[in-house]
Amino acid sequence: MDAIDIRLHRVRNRPVPLDSLESAIGPALDFVAIDVETANHSRSSICAVGLALVSRGRVVLDASFLVDPEVDFSPYNIAVNGITPADVAGAPTMREAWPTLMRVIDGAKVCAHNATFDIGALRATAARYDLPGPTMEVYCTWRIAKRVWPGLASFGLGVVARKVDFPFDHHDAGQDALASAHVLLAAQRTIGCTSLYDLCSTLPYSPGTLTPSSFEAAVTAASLASRDGSPDADPRHPLYGKTVCFTGAMYSMVRREAAAAVVEVGASFKENVSKKLDYLVIGDADYVAFADGWKTGKLA
């Protein structure tokens, strides 16, 4: 297969030869940070991939490449990540880029911020193109940040990156991956650990596991054994004692992770709308559709 031209998109438009990327792959890698951007609400519409390779506690290579998603672009997604159909003209498809990506992430420890979104996108893409999926350990820097710096007002990547003094261009795939890598390295320094194993043991935190046939996220079934609010939650939290339901897909996390988040702060998660519901949270794509006058059954 011809070498794929990997470029640092938007931020430092310099080429990174494919052999430079592959030469950095090996057992000496601590972990790989990844971020994907999508063209529309579909998880399989990846239009950019960012990577940051970390070895011996430092980033040894960061790169990103554009992808032709072979689907229509949503105005909402264009507004978020700035990637247009013209940008990806001539870029490889994910079928073409997949072997290169697999050589980087298969068998690796992989981190991402709100990892379930990025991992879900990879899984959806593998299914769409009937491609072999990777096997890897998955570390979510959003969840790790919540344990390391619990007092932050928000745990979005922009806020956490500022906490660790890493300025970056948000929603650029390469920069988001690099920021996630620096957040994980900063978490290790803050806790006083020199390895992911020590970090997980100290917090404690259990990474997710991805195989070609399944994904077990860091949010375990035990955390949702009860969908009622956690008894350990702060009763002063504005959602404490409330009931929350979700409609539509969210770009920041999958439904199960969102459910765990509301239960953790003392709210009850509900699958359906009822008269006892306090809040209905609208997913990104449904919110855009609602602005155009269309309502889901739950909204109606």
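Rules behind the numbers
- Residues numbered from 1 in each chain as written.
- Predicted model: local features only at pLDDT ≥ 70, side-chain atom pairs only at ≥ 80, totals over all residues.
- Heavy atoms only, no water.
- Phe/Tyr/Trp six-rings, centres within 6.5 Å; stacked < 30°, edge-to-face > 60°.
- Buried < 20%, exposed > 50% of the residue type's maximum accessible area, 1.4 Å probe, protein only.
- Helix = DSSP H or I, 4+ residues; strand = E, 2+ residues; numbered from the N terminus.
- Contact = heavy atoms within 4.5 Å.
- Pairing = 2+ DSSP bridges.
- Axes fitted to C-alpha atoms, helices over the stretch in contact; angles between N-to-C directions.

Chemist: Can you help me understand the packing of aromatic side chains in this one?
Modeler: Any aromatic ring pair is given by two values, namely how distant the centres are and how the planes are angled relative to each other. Going through the model one piece at a time under the given rule, you end up with 3 aromatic pairs. Between Phe166 and Phe168 the ring centres are 6.4 Å apart and the planes differ by 25°, which places this aromatic pair in the stacked class. Take Phe166: its relative accessible area is 15%, and that puts it in the buried class. Here the aromatic rings of Phe246 and Phe269 are separated by 6.0 Å at their centres, their planes lie at 35°, and the arrangement is tilted. Within this pair, whereas Phe246 is found in strand E10 (residues 243-247), its partner Phe269 is found in strand E11 (residues 268-270), the two being separated by 23 residues in sequence. Comparing Phe246 with Phe269, the two get one shared label, buried.

Chemist: Explain the side chain of Gln188 to me, please; I cannot follow it from the model alone.
Modeler: For Gln188, the location among the structural elements is in helix H8 (residues 173-191). For Gln188, a relative accessible area of 9% corresponds to the buried category. Contacts of Gln188, omitting those with residues within four sequence positions, involve Cys193, Thr194, Ser195, Leu196 and Leu199.

Chemist: How should I be thinking about the sheet that holds E10 in this particular structure?
Modeler: An order of E11-E10-E12 is seen for the 3 strands of this open sheet, with the pairing classed as parallel. Looking at the sheet topology across the chains shown, the edges are occupied by E11 and strand E12 (279-282). Within this sheet the neighbouring strands show an average axis-to-axis angle of 30°, counted without direction. As judged from the 4 bridges shared by E10 and E12, these two strands associate in the parallel manner. Note on E12: the bridge partner recorded for Thr247 is Ile282.

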